[in-house]
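Notes for the structure review
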Amino acid sequence: MDKQVFLEKLRNINGFESAVLNSITLKKETLSCKFHIITDRAYSQESVRLAQELAKEAVPQNLSAELQIKKVVADPQIVRQKILEYLDRNHRAAAACIRAEDIEVIPGEPIRFQFGVDAAERGFFEKNEQLLPGIEKMLSKNFCGSFRGELVDKEKVPPEETEEETQDEPFDFRPARTFPIADFETIDEANVPKIATYLADCNFTSESLTVCGEITYIQERVSQKGKPYLRFTISDTTDRMTLSYFIKKKTEEKIRALKEGDRIVCTGSNEMFNERLSFTAKFINRGSMPADFVPEKKQGKAVPLHYSKVFPEKLTDYNQMNLFAQDVLPEDLVKNTFVVFDLETTGLVNTPTGGKMDAITEIGAVKIIGGEIREKFTTLVDPERKLDDEIVKLTGITDEMLKGAPKISEVIPDFYKFCDGCLLVGHNVQFDYKFVHYYAQQEEYPFEFRTLDTLSIAQSMLFLPNYKLNTLADHYGITFNHHRAWDDALTTAKIFIELIKAKKCLPKA
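Residues numbered from 1 in each chain as written. Predicted model: local features only at pLDDT ≥ 70, side-chain atom pairs only at ≥ 80, totals over all residues. Heavy atoms only, no water.

1. Side note on the packing of aromatic side chains
All chains considered together, the criterion is met by 20 aromatic pairs. On the basis of an interplanar angle of 35° and a centroid distance of 5.1 Å, the ring pair of Tyr-229 and Phe-246 is categorised as tilted. Taken as a pair, Tyr-229 in strand 11 (residues 228-235) and Phe-246 in strand 12 (residues 240-246) lie far apart in primary sequence, 17 residues in all. Residue classification places Tyr-229 among the buried positions, given a relative accessible area of 14%. Seen in terms of ring centroids, Phe-338 and Phe-496 are 5.0 Å apart; in terms of plane orientation they differ by 65°. Their pairing is edge-to-face. Of this pair, Phe-338 sits in strand 16 (residues 338-345) while Phe-496 sits in helix 15 (residues 485-503); the two residues are 158 residues apart in sequence, bridging distant segments of the chain. (Phe/Tyr/Trp six-rings, centres within 6.5 Å; stacked < 30°, edge-to-face > 60°. Helix = DSSP H or I, 4+ residues; strand = E, 2+ residues; numbered from the N terminus. Buried < 20%, exposed > 50% of the residue type's maximum accessible area, 1.4 Å probe, protein only.)

Take a look at the structure:
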């Protein structure tokens, strides 16, 4: 059955009058065809049964038919977010201009969406004639009804003039890294871009993407229609990519002459297929990375505007000791802001080279502002694994206590925001710092801060039998609940203040 005929019959079923056939997925392993249907109306079980029968009619007898039905109403907020995601993946330059507040969605038939642009931006959008039609097509595939895009004049307010409390979280726009292609030699087509995108950054859809790398594997396959094609795996040292290329008669001899170790340039489309990105090369030529190619560091995510899971609290209780009575604090202590932190973890492995990384179970931190402890940041963290009995015994943290705690991926953005613009302090600080640095990297936050270690500072100033945290606490008359992150962080902060008061300045970097 033709796809359009199927859709027309489907729309005769109650509840599917304006349904959209989003996609059809063929699953070879189960010999089944899955119809992804979107509707904006309520539907009954009887309607589902009729739609199922219609799907069975539409596929060959040797295949079974499955339905995935989603009820999606074209809510303005959802439509707006879908547009932002589309721009980020397909039109990076436009994504840099358009923010959520620049998009207005107006219900009706058709549903209208308007981009608020200033005078400088209008020319860019008018020149890119396929941008609005592309968004219209994408929305019509994901929502019921038709869409029409328009440009409207809008005076943009600079971000710095907007109150933080009213700002949306900035869209995570980080341009893909690129490099110039060297030693280009035509096989397929000379008129292709001579700039390649890092393979590590090819995480977006594009109808015209150029990549370059060394061939590490070649395999020949045949499509379901009997058409031969090649599967190349290439590497540019930042990542690997496997791509498909359908053989052309005019270039078959040269393409088949390619071998592992050769370097090629591929231009084609990077599209979603079975919920994964799949690259199909339209043109393959010879070319390589520059001889002196050293990958540039990837730009990290920006500091979040708002806390989302863990919210710092004001801290004013210093009843254990009067740190600030009539003291003249050193300038270094007053002019800098410090975050003093401590972690509890599932073990001691804090780098991937040491074996399976241990997980963080608690973060405790305080902020020293103007020489005074003024804020605290504390949270348990779900390690997504069972705790060893020894760890439970040492910290007092149990599996039951961690149920419902946020995961480290949810905590890291907030802790990164808390640390922004600060110097980091800890007792044997590098041990904990490596944990946080690793997990921040996993979430693409550039966790790079100067650290200060109360252990090494104390060793350079005091004569004690040892320099453990509880020994230093005893030296300064501080009592605390050792092996809990919050208590250890607060105690370390008090020790740090006393050490710098005595030293009169910070250690040299």
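2. Side note on the side chain of Arg-231
Within the secondary structure layout, Arg-231 lies in strand 11. No salt bridge is formed by the buried Arg-231. Its closest oppositely charged neighbour is Glu-271, at 12 Å. At 2.8 Å, the side chain of Arg-231 forms a polar contact with the side chain of Ser-244. Discounting chain neighbours no more than four positions away, the residues touching Arg-231 are Tyr-217, Ile-218, Gln-219, Arg-221, Thr-242, Leu-243 and Ser-244. (Lys, Arg positive; Asp, Glu negative; His and termini not counted. Salt bridge = Lys/Arg side-chain N within 4 Å of Asp/Glu carboxyl O. Polar contact = N/O pair within 3.5 Å; in protein donor to acceptor, adjacent residues only side chain to side chain. Contact = heavy atoms within 4.5 Å.)

3. Let's talk about the side chain of Thr-197
Residue position: Thr-197 is located in strand 9 (residues 195-197). Residues in contact with Thr-197, not counting those within four places in the same chain, are Ala-176, Arg-177, Thr-178, Cys-202, Leu-209, Thr-210, Val-211 and Asp-236.

4. Things to note about the sheet that holds strand 15 (residues 313-314)
Pairing in this open sheet of 6 strands is mixed, and the strands run 15-18-17-16-19-20 from one edge to the other. Each having just a single partner strand, strand 15 and strand 20 (451-453) make up the two edges of the open sheet. Alignment of strand 16 against strand 17 (residues 360-369), held across 8 bridges, turns out to be antiparallel. Among the inter-strand pairings, Phe-341 is bridged to a residue of strand 17, identified as Ala-365. Contacting strand 16, strand 17, strand 18 (372-380) and strand 19 (423-426), helix 11 (residues 408-419) runs over the sheet at an angle of about 15° to strand 17. (Pairing = 2+ DSSP bridges. Axes fitted to C-alpha atoms, helices over the stretch in contact; angles between N-to-C directions.)

5. Some details on the pairing of strand 13 (residues 263-273)
Summarising the sheet, strand 10 (residues 206-222) and strand 13 pair through 7 bridges and their orientation is antiparallel. Residue pairing in the sheet places Thr-210 in a bridge with Thr-267 of strand 13. Here strand 13 runs beside strand 14 (residues 276-288); their pairing, made up of 10 bridges, is antiparallel. Residue pairing in the sheet places Asn-270 in a bridge with Phe-279 of strand 14. Between strand 13 and strand 14, which follow one another and run antiparallel, lie 2 residues, and Asn-274 among them has a positive phi close to 50°.

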